[in-house]
Amino acid sequence: QVQLVESGGGLVQPGGSLRLSCAGSGRTFSRATMGWFRQAPGKEREFVALVTASGSISRYADSVKGRFTTSRDNAKNTVYLQMNSLKPEDTAVYYCAADTTSGLARQLASAYDYWGQGTQVTVSS
C-alpha cells in the first residue's frame, strides 16, 4: 500500500512559480509511475504530468508543456512538480497519484491506484 501527501500549494500571481511535493510511504513507491492530475471547479480531473519509476521518462499535457517539470527522488520517496509561468487557468486542486502495477507511462486517471488528498493552487492577481 502507498500513502501520498501533497504540499506546496497556495496563492500565486500570474507569471509566478510554485513547487508541489508529494511524499509517499510504502515499499512500492520507488517502483511506481507517479502522476500529477488537477481538477478545477466544474471540470473533470485532467492529466498534468507523469514520471516513471526510474525517472527516465516523463510526459506532460500540452497545456503545461514547457512550463511544468516533474521529477522524483526515490531516496526521499518524494515526487515534485515545478510549475513556472503560471496562468489563471492553472487554478485547480492538484493531486499526485501512484500507478503501482503497470510499469508504464499511462495518462488515464483510472490507471492509478493510490491518490493523495490534493493541494489547492490558485493563480490570481
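Overview of the structure. (Residues numbered from 1 in each chain as written. Predicted model: local features only at pLDDT ≥ 70, side-chain atom pairs only at ≥ 80, totals over all residues. Heavy atoms only, no water.)

1. With respect to the side chain of Thr-78
As for its placement among the helices and strands, Thr-78 is situated in strand E8 (residues 78–83). Looking at Thr-78, its side chain comes within polar contact range of the main-chain oxygen of Lys-76, at 2.9 Å. When near neighbours in sequence (up to four residues on either side) are disregarded, Thr-78 contacts Ser-21, Cys-22, Ala-23, Phe-29, Arg-72 and Asp-73. (Helix = DSSP H or I, 4+ residues; strand = E, 2+ residues; numbered from the N terminus. Polar contact = N/O pair within 3.5 Å; in protein donor to acceptor, adjacent residues only side chain to side chain. Contact = heavy atoms within 4.5 Å.)

2. Thoughts on the state of the cysteines
Applying the stated criterion across every chain, the model contains 1 disulfide. One disulfide in the model links Cys-22 with Cys-96; its S-S distance is 2.0 Å. Residues Cys-22 and Cys-96 are joined by a disulfide whose S-S torsion is about 55°; by sign, that bridge is right-handed. Of this pair, Cys-22 sits in strand E3 (residues 18–25) while Cys-96 sits in strand E9 (residues 92–99), and the two are 74 residues apart along the sequence. Judged by its relative accessible area of 0%, Cys-22 falls in the buried class. (Disulfide = S-S within 2.5 Å. Buried < 20%, exposed > 50% of the residue type's maximum accessible area, 1.4 Å probe, protein only.)

3. Considerations on the sheet that holds E3
An order of E1-E3-E8-E7 is seen for the 4 strands of this open sheet, with the pairing classed as antiparallel. Only two strands of the sheet have a single partner each, and these edge strands are strand E1 (3–7) and strand E7 (68–73). Across the sheet, the mean angle from the axis of one strand to that of its neighbour is 15°, orientation sign disregarded. The pairing of E7 with E8 spans 6 bridges and is antiparallel. (Pairing = 2+ DSSP bridges. Axes fitted to C-alpha atoms, helices over the stretch in contact; angles between N-to-C directions.)

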